[in-house]
Amino acid sequence: MSFRSRFLRMSIAWKLTFFFTVSSLVVAYGMFLVLGGMVTQRMMDLTANFTYAAAESFLPDRSVGYLDGLETVRGTGLEQVSNVIGRISTKSIRGLTLYYRNATGGEWKEVRFGKSGTVYREAVDGAMSGHLERTLGKRIYFPHPSRYFGQSDTFPIIIDLARPGDGVLIEVGLRIDRFGIMNIARENLADFLAFILASLVFTIVIGHLFAMSFSKPIQRLAKEARDFAAGTRETPFSIPSRDEIGSLAGTLNTMKTRLDARVSEVEEKIRAMEAMNGIDRAVLSSISRKRLMNKVVEIVSDFLNAKKVTVMLRNTEMTGFDIIASVTRNGPADERVFIEDAELNSTFFLRIQDFFETDRGEAERVFIDEKAGSPMPADATVINAPLFKGKDYLGSMIIVTGKRLSSDEKNSVRMLADQASVALRNVEEFEENESTSLGILVALTRAIDAKSRWTAGHSQRVAGFSVRIGIRLMMEEKELEELRISALLHDIGKIGVPEYILDKPGRLTTEEFEKIKRHPRMGVDIIEDIPSLARIQPAVLYHHERWDGSGYPEGIAGESIPLFSRIITVSDVYDAITSERPYRSGMDEATALAFMKENAGKIFDPRLARLFLETLEEA
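Help me out: how do you make sense of the sheet that holds strand S8 (residues 320–328) in this one?
Two strands in a sheet stick together by hydrogen bonds in their backbones, pointing the same way (parallel) or opposite ways (antiparallel). Here six strands make up an open sheet; going across it, the order is S9-S8-S7-S12-S11-S10 and the pairing antiparallel. Strands at the two margins of the open sheet, each flanked by one partner only, are strand S9 (338–340) and strand S10 (356–359). For this sheet, the mean inter-axis angle between neighbouring strands, taken without regard to orientation, is 25°. Note that strand S7 (residues 308–315) and strand S12 (residues 392–401) share six bridges and pair antiparallel. Considered in S12, the bridge of Thr-310 is made with Ile-398. Relative to S8, helix H9 (residues 289–304) is tilted by about 50°, and along the sheet it contacts S7, S8 and S12.

It is not clear to me how helix H13 (residues 458–472) should be interpreted in this structure. Could you clarify?
In an α-helix, one full turn covers 3.6 residues, which means residues spaced three or four apart are oriented alike. Over its 15 residues, H13 extends 22 Å from the first C-alpha to the last, a length consistent with the 21 Å expected when each residue adds 1.5 Å. Regarding H13, the residues found buried are His-458, Ser-459, Val-462, Ala-463, Phe-465, Ser-466, Val-467, Ile-469 and Gly-470. After H13 finishes, the residue Met-474 shows a positive phi value of roughly 60°.

Could you clarify how one ought to interpret the packing of H13 against helix H19 (residues 563–577) in this entry?
Think of two packed helices as two axes; the pair is described by the angle between the axes and how far apart they sit. At their nearest, the axes of H13 and H19 sit 9 Å apart, and the two run at 130° to each other. Relative to H19, the element H13 is oriented oblique. Crossing of H13 against H19: the hand is right-handed. Judged by residue contacts, His-458, Arg-461, Val-462, Phe-465, Ser-466 and Ile-469 of H13 engage Ile-567, Ile-568, Val-570, Ser-571, Asp-572, Tyr-574 and Asp-575 from H19. Of the residues contributing to the contact of H13 with H19, the split by class is seven nonpolar, three polar and three charged.

What counts, and at which threshold
- Residues numbered from 1 in each chain as written.
- Predicted model: local features only at pLDDT ≥ 70, side-chain atom pairs only at ≥ 80, totals over all residues.
- Heavy atoms only, no water.
- Pairing = 2+ DSSP bridges.
- Helix = DSSP H or I, 4+ residues; strand = E, 2+ residues; numbered from the N terminus.
- Axes fitted to C-alpha atoms, helices over the stretch in contact; angles between N-to-C directions.
- Contact = heavy atoms within 4.5 Å.
- Expected span 1.5 Å × (residues − 1).
- Buried < 20%, exposed > 50% of the residue type's maximum accessible area, 1.4 Å probe, protein only.
- Parallel < 35°, antiparallel > 145°, perpendicular 65-115°, else oblique.
- Left-handed = near helix turned anticlockwise from the far one by under 90°.
- Nonpolar A, V, L, I, M, F, W, Y, C, P; charged D, E, K, R; others polar.

What follows is the structure, encoded as structure tokens:
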């Protein structure tokens, strides 16, 4: 893993410690540079002061002639000046050189001293002359200034010794050594290492303490933010700091409040959509408006955690309301099925077509809940959600809750009421279409039965027997209705069988019997274009199949025959053998029961035959 990767994975406390340590080292190095510069400046000032003093004491004669006549410095004032400067620091100042010229002009001359005191005199070149001219009046001048970064180096300085009124200008050139940090380390290695180590430990400890005090609120805030993101924190962020971190916590609390509100809003909408989807599913699975509305009130009750939900539909013929569905959370549903207009407060009719919410006191003047079956709770809030078909008022959904609804909940209830209205219209239209289609088919079946006095009422009796068997099988309401319709329509295909065959008193010919055998298929052809009757087509097609496989039209046997077909077979045969026919007399009850028992396992499903006989005995 690279250093960068390791660094990025470090905690913020150790990152701050690292930055604090590095910053401290940088500051220490900067202080060393500043102190080094200050010491060097102090050394130059001290050297200049000593040089001035020595020159005043030991150079009474500063004439050009005196300086030009020097052959040696031994025993002269210049030797005393040199000795004074050398005593300042033998390690940091060296290379003393004297420069002079006539005050009125002329060239600069350079005087250097040899080891034996010999004087070396020569003319100064142009570049150096320029430095000397620029030194005049400045006390100290740097001919070649250099930046100091803590390394060892040597730089020249020029000191102006000229006095007003002298006929000569005198300047002294020196070289000053600056010692770098490595020089100090080499000369004082043990002390230097101890100092560095102590400083580093001190810096890390102090830096980490500082970093912890700074990062602890951030770490706490980060933990609370993680808990909030994970859904395990409900309380606000609790950072008492008044600095930027505290301000950040306050901002996060504001964001949390807004986010919670938006989440609640989204959750409310999702719940409303789920409730609406539940109503849509109820439409698909319901075959009557009563069953549909029962599911609707359950969905609305769960959605609002309501104490009670009732759907009342307007009955204009009876001038009142039909209570089509009702559910209560802590008790049985309403038993009443109708409320007369006279039982309701007249104010109710003024507001019944408006969506409104009211408390119990107002509700008792508007809608007397006791008349709907159960007393209204003391803390009740009543919501009236009207149901419309276009602009026509259909009825109301009355909701009793223990609290006032929020604006979002009211909007959701309006949406659910609209959805319930649409669902109610769809089911009513479906029921009307089904009723019309089924009425036509039932009328057609009755017409077939009426074609002969021998078969009058046959389909109704078969339907009645079949439903009784279905009840014994504990079928649901929807299955019983499908079974009843299947039995009613089982012989509808006989409309294509000539009457002379149906009423023939003698034995049928093979050709005539083949025509009779075609009526199940013809019945399916008649109802196959009605989508809602698709589930009953197999019952119509196979109701003449036998348990032992000797039936028609396909000769299937046993449980391969659809259950509805097997039930209709039992009911159909019993009604046929007990009814008068042109070719025979009907059997008496004892003979018919014996026939049914004898053919159980041959013509009939033995289990269904037994159940049928039990229903006859109970009847």
